[in-house]
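Residue-level structural notes
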Amino acid sequence: MKRCPSGAVIAMDTTCVNKYAATSGGSRRLSSRRMSTTQTAQRETCSAIMTMSSLRSDAVSKAETVRVKMNSVLQIPSSLKTSLAIKSAATTRRLDGRKLSGTASTMIFYIDNQGIASSATPAQVCEQLKKMVKSSSPALTSAVSATGVIDSKAGVNLETSTATLQSRSAAAVNQRNEKAGITTRLPTTTTTTAATTTTAATTAATTAATTAA
């Protein structure tokens, strides 16, 4: 593995490419020690939900390997935390054995900035992943091959969420205000972007979640 100027850690045989608009000063942690009573940080997360046209029987055990490869292909800055969950197809049957309904296997790629300013946002990474799925990117296809094949025609559902994080001192001030009857609530926003092609809702029969160290 090698580190790119953008902060991404990628495979040695992959060329460093700045896929995202870089922010000045690189990445930095907005720690509570550096925040005044009025300072806050924005935590953003994004989940990319992909339908699988086929899923290998040992997909769950390969989840971590695929997550690392996806990080490399997407050239995700190391300041972003990622995880990968795999949900196998589930089928509902009647008592007489006839099939009633079923759900497709899905793979969920989760990105979290943990309140850290980075050269790429989780939403930008999700959009890049969505483009690669739509174009049937050979690099992405190879990266996920250990788990199966993504259905590029089904599209990708994106779920983005943002929340405001406070410094400890700001939180203490709010606690005192609440005791005095003054309530301050931090904004939280959740946005869901549906794929162009409607996909079936997923029912978890088997779930694997792996998180970067």
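Cut-off values and rules
Position labels on residues start from 1 in each chain and follow its written sequence. Since the coordinates come from a predicted model, pLDDT governs what is reported: local features require at least 70, and pairs of side-chain atoms require 80 or more to be given and counted, while whole-chain, interface and lining totals use all residues. Working from all heavy atoms in the structure, the side-chain values ignore hydrogens and water. Secondary structure elements follow DSSP: runs of H or I no shorter than four residues count as helices, runs of E no shorter than two count as strands, and numbering proceeds from the N terminus. Classification of residues uses two cut-offs on accessible area relative to the type maximum, computed with a 1.4 Å probe and protein chains only: under 20% is buried, over 50% is exposed, and between them is partly exposed. Under the convention used here, a 1.4 Å probe and the Shrake-Rupley method define accessible areas, while residue burial counts only the protein chains that appear. In short, DSSP must find at least two bridges between two strands for them to pair. Put simply, a nonpolar core is a bunch of buried Ala, Val, Leu, Ile, Met, Phe, Trp, Tyr and Cys residues held in one set by side-chain atoms that sit within 4.5 Å of each other. The criterion used for residue contact is that any of the two residues' heavy atoms lie within 4.5 Å. Method remark: on a 1 Å grid restricted to protein atoms, a set of points is classed as a cavity if a 1.4 Å probe fits but cannot get out and as a pocket if it is open with protein on both sides within 12 Å along at least five of seven lines; lining residues have an atom within 4 Å of a point. Grid points are joined across faces, edges and corners, and a volume is the space filled by probe spheres set on the points. Amino acid classes used here: Ala, Val, Leu, Ile, Met, Phe, Trp, Tyr, Cys and Pro are nonpolar; Asp, Glu, Lys and Arg are charged; the rest, including Gly, are polar. Each residue after the first adds 1.5 Å to the expected span of a helix. pLDDT is a residue-level measure of predictor confidence that goes from 0 to 100. Pairs of cysteine sulfur atoms within 2.5 Å are what we label disulfides.

**A word on the overall build of the protein**
If you tally the helices and strands in the protein, you get four helices and 13 strands. Expressed as a percentage of the 213 residues in the protein, the buried residues total 38%. Accessible area of the protein: about 12,000 Å², with a carbon and sulfur share of 50%.

**Notes on the pairing of strand β4 (residues 40–55)**
Note on strand geometry: in a regular strand, side chains alternate between the two faces of the sheet. Pairing of β4 with strand β8 (residues 106–112) involves seven bridges; the strand directions are antiparallel. Considered in β8, the bridge of Met50 is made with Met107. The pairing of β4 with strand β10 (residues 148–150) spans three bridges and is antiparallel. Across the sheet, Leu55 pairs through a bridge with Gly148, a residue of β10.

**Notes on the nonpolar core**
By size, the foremost hydrophobic cluster in this structure holds 31 residues, and its most contacted members are Met50, Met70, Met107, Phe109 and Leu129. Taken together, the elements giving at least two residues each to this core come down to β4, α1 (63–74), β5 (81–87), β8, α2 (122–134), α3 (138–144) and β11 (156–166). Apart from the residues lying within four places of it in its own chain, the contact partners of Met50 are Met70, Ser105, Thr106, Met107, Phe109, Leu129, Val133, Ile150 and Val156.

**A word on empty space enclosed by the protein**
Using the criterion set out here, one finds one cavity of 30 Å³ or more in the structure. One number sums up the size of the largest cavity: a volume of about 50 Å³. Around the largest cavity sit Ser6, Val17, Asn18, Lys19, Tyr20, Gln75, Pro77, Ser119 and Ala120, which together line it. For the lining of the largest cavity, the class distribution of residues is four nonpolar, four polar and one charged.

**Focus on α1**
Between its first and last C-alpha atoms α1 spans 16 Å; for twelve residues at 1.5 Å apiece the expected length is 16 Å, and the two agree. Buried residues of α1: Ala63, Val66, Arg67, Met70, Asn71, Ser72, Val73 and Leu74, and no others. Once α1 ends, the next one or two residues include Gln75, with phi positive near 50°.

**Some remarks on the pairing of β5**
A large share of β5 lies buried, amounting to six of its seven residues. As judged from the seven bridges shared by β5 and β8, these two strands associate in the antiparallel manner. Of the residues in β8, the one forming a bridge with Lys87 is Thr106.

**With respect to the confidence of the model for the protein**
Confidence along the protein averages 77 in pLDDT terms, with 63% of residues attaining 70 or more. Highest mean pLDDT in the protein belongs to β8 (97); lowest belongs to strand β3 (residues 28–29) (43). Predicted confidence for residues 196–213 stays below pLDDT 50, and this span has 43 contacts to residues more than four positions away or in other chains.

**Digging into the state of the cysteines**
Two cysteines whose sulfur atoms are joined by a covalent bond form what is called a disulfide. Counted under the stated rule, the structure contains two disulfides. Between Cys4 and Cys16 runs a disulfide, and the two sulfur atoms are separated by 2.1 Å. Residues Cys4 and Cys16 are joined by a disulfide whose S-S torsion is about -85°; by sign, that bridge is left-handed. You can see Cys4 sitting in the loop between β1 (2–3) and β2 (9–10) and its partner Cys16 sitting in the loop between β2 and β3, a full twelve residues away along the chain.

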